Amino acid sequence: MTTDVDGLRAASQRVRLRDLQMVSSAGMGHIGGEFSVTDILVTLYLGVMALDGPEPDRLVLSKGHAAAALYAVLAEAGLLSEDDLTTFVQADSALNGHPARTKVEAVEASTGPLGHGLPIAVGMAMAARLDGSSRRVFVVTGDGEMQEGSNWEALMIAAHHGLDRLVLIIDRNGLQQGAAVADTSDLEPLDDKLRAFGWAVAEVDGHDVEQLQDILSAIPLVPGRPTAVIARTHKGHPVSFMSDDAGWHHRVPTPEQVDAARAEVLAT
Ligand SMILES: Cc1ncc(C[n+]2csc(CCOP(=O)(O)OP(=O)(O)O)c2C)c(N)n1
Ligand SMILES: [Mg+2]
């Protein structure tokens, strides 16, 4: 499925509205990181990935705490139903607060404990190569998550094996839980570090679906190298009172805040 840029923008708006509803009725979620990653997931599922056919691409949402955004995007892609979304984190629902591979067919890897998605995706990319498949493997991490040492082992082994169908997208919103990434264990210069580990690196505005679609459709950027896309985002985007505020990592909006946020999402 390849949606055009206007279609992607409209889908992002619907996903954020749906996410607000899911988090407020469930009384839990991670709205800040869900809003920062929405445009990335929408672009991947609706504008880049092959979802069916002989060689479907695979996606691992390593920042599994943003599960509500993933579920809402899967519904846009026809891989979950609107009814499914209403069950988010209810007892007996398949839609847990973190994605579970054994419960949702479209979920490729169970995630939540940070630092595992990239190593899993490396294994998937190696398996694809062994199968003679040209499928791409996309993995989306948080930037705080990139502090985990397991990611840097995975970066090394992916480059060693020249896995150029593997794409890492880092949701570079600058914040983790309760703090700025730069204040706890700084990642910079992130692009140079990734290049030094043997990756091709691009940097984009992670809320610009056109830029995202262009770069993510141009894989591999360098033949023989895995690709890392540093997507500059804002936690809570585009809601003014949530944006770039670590307090909105997992705060649940009040009904008044839901209304105010809805109006701002609709205005973008
Ligand atoms: C190994 C591990 N440590 C801690 C947590 C708790 N936790 C959940 S989200 C989060 C912050 C992650 O920050 P980042 O990766 O930047 O995510 P984003 O800003 O996109 O929400 C933390 C510490 C976890 N899920 N896994
Ligand atoms: Mg972050």
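Structure first, text after, so check above.
The text that follows walks through the structure, step by step, so that each part is easy to find.

Remarks on the overall build of the protein chain
Each helix and strand counted, the protein chain has 10 helices and five strands in total. Projecting the C-alpha coordinates of the protein chain onto the three principal axes gives extents of approximately 50 × 45 × 35 Å. Residues counted as buried form 51% of the 268 residues belonging to the protein chain. Within the protein chain, counting contacts between residues at least 6 apart in sequence, those at least 24 apart form 76% of the total.

A word on the site of ligand 1
Within the structure, ligand 1 sits among 20 residues, and Gly33, Gly142, Gly144, Glu145 and Gln176 are positioned closest to it. Of the residues assigned to the shell around ligand 1, the class counts are three nonpolar, 12 polar and five charged.

Digging into the packing of helix α1 (residues 5-26) against helix α10 (residues 255-267)
The N-to-C vectors of α1 and α10 enclose an angle of 175 degrees; their axes lie 10 Å apart at closest approach. The angle between α1 and α10 places the two elements in the roughly antiparallel class. Contact residues: Gln13, Arg16, Leu17, Leu20 and Ser24 in α1; Pro255, Val258, Ala261, Arg262, Val265 and Leu266 in α10. In the contact of α1 with α10, the residues fall into seven nonpolar, two polar and two charged.

Thoughts on unusual backbone geometry
Geometrically, the link from Ile219 to Pro220 is a cis peptide bond, its omega value of 0 degrees lying close to zero. Looking at the element boundaries, Pro220 is found in the loop between α9 (209-216) and β5 (227-232). Across the junction of His237 and Pro238, the peptide omega takes the value 10 degrees, indicating a cis bond. Tracing the chain through its elements places Pro238 in the loop between β5 and α10.

Some remarks on the sheet that holds strand β1 (residues 58-61)
A sheet is described by the order of its strands in space; here five strands give the open sequence β1-β2-β3-β5-β4, paired in parallel fashion. The sheet is open, and its two edges are formed by β1 and β4 (200-205), each paired on a single side. Ignoring strand direction, the axes of neighbouring strands in this sheet form an average angle of 20 degrees. The sheet contact formed by β4 and β5 spans six bridges and is parallel.

Notes on the pairing of β5
With five of its six residues buried, β5 lies for the most part within the structure. For the handedness criterion, the β-α-β arrangement of β4, α9 and β5 is classed as right-handed.

Observations concerning α1
Look at α1: 31 Å from first C-alpha to last across 22 residues, which is about the 32 Å you get at 1.5 Å a residue. In this structure, the buried residues of α1 make contact with α2 (31-47), α3 (67-76), α4 (82-85), α9 and α10. Positive backbone phi, at 75 degrees, marks Gly27, one or two positions downstream of α1.

As for the packing of α1 against α3
It is at 9 Å that the axes of α1 and α3 come closest, and there the two elements cross at 130 degrees. Taken together, the axes of α1 and α3 are oblique relative to one another. For the element pair α1 and α3, the recorded crossing hand is right-handed. Listed contacts from α3 to Ala11, Arg14, Val15, Arg18, Asp19, Met22 and Val23 of α1 are Ala68, Ala69, Ala72, Val73 and Glu76.

Re the environment of Val137
If you trace the backbone, Val137 turns up in strand β2 (residues 137-142). Among the residues examined, Val137 registers 25 C-beta atoms within 10 Å and is labelled buried. Remark: the alpha-carbon pair of Val137 and Leu163, spanning 26 residues in sequence, is separated by 9.7 Å. With sequence-adjacent residues up to four places away left out, Val137 is seen in contact with Arg58, Ala121, Met124, Ala125, Ala128, Arg165 and Leu166.

Quick word on the environment of Ala68
Along the chain, Ala68 falls in helix α3. Between the alpha carbons of Ala68 and His98 there is a distance of 8.3 Å; along the sequence they are 30 residues apart. If near-sequence neighbours (up to four positions away) are discounted, Ala68 is found in contact with Asp19, Met22, Val23, Gly29, Glu34 and Phe88.

As for the environment of Pro223
Within the element layout of this structure, Pro223 appears in the loop between α9 and β5. Note: C-alpha distance between Pro223 and Ala200 (23 residues apart in sequence) is 9.0 Å.

How each quantity is defined
Residues numbered from 1 in each chain as written. Chains lettered and ligands numbered in written order. Predicted model: local features only at pLDDT ≥ 70, side-chain atom pairs only at ≥ 80, totals over all residues. Helix = DSSP H or I, 4+ residues; strand = E, 2+ residues; numbered from the N terminus. Buried ≥ 20, exposed ≤ 12 C-beta atoms within 10 Å, placed from the backbone. Contact = placed C-beta atoms within 7 Å. Near = placed C-beta within 6 Å. Nonpolar A, V, L, I, M, F, W, Y, C, P; charged D, E, K, R; others polar. Axes fitted to C-alpha atoms, helices over the stretch in contact; angles between N-to-C directions. Parallel < 35°, antiparallel > 145°, perpendicular 65-115°, else oblique. Pairing = 2+ DSSP bridges. Right-handed = clockwise from strand over helix to strand, strands pointing away. Expected span 1.5 Å × (residues − 1). Left-handed = near helix turned anticlockwise from the far one by under 90°.

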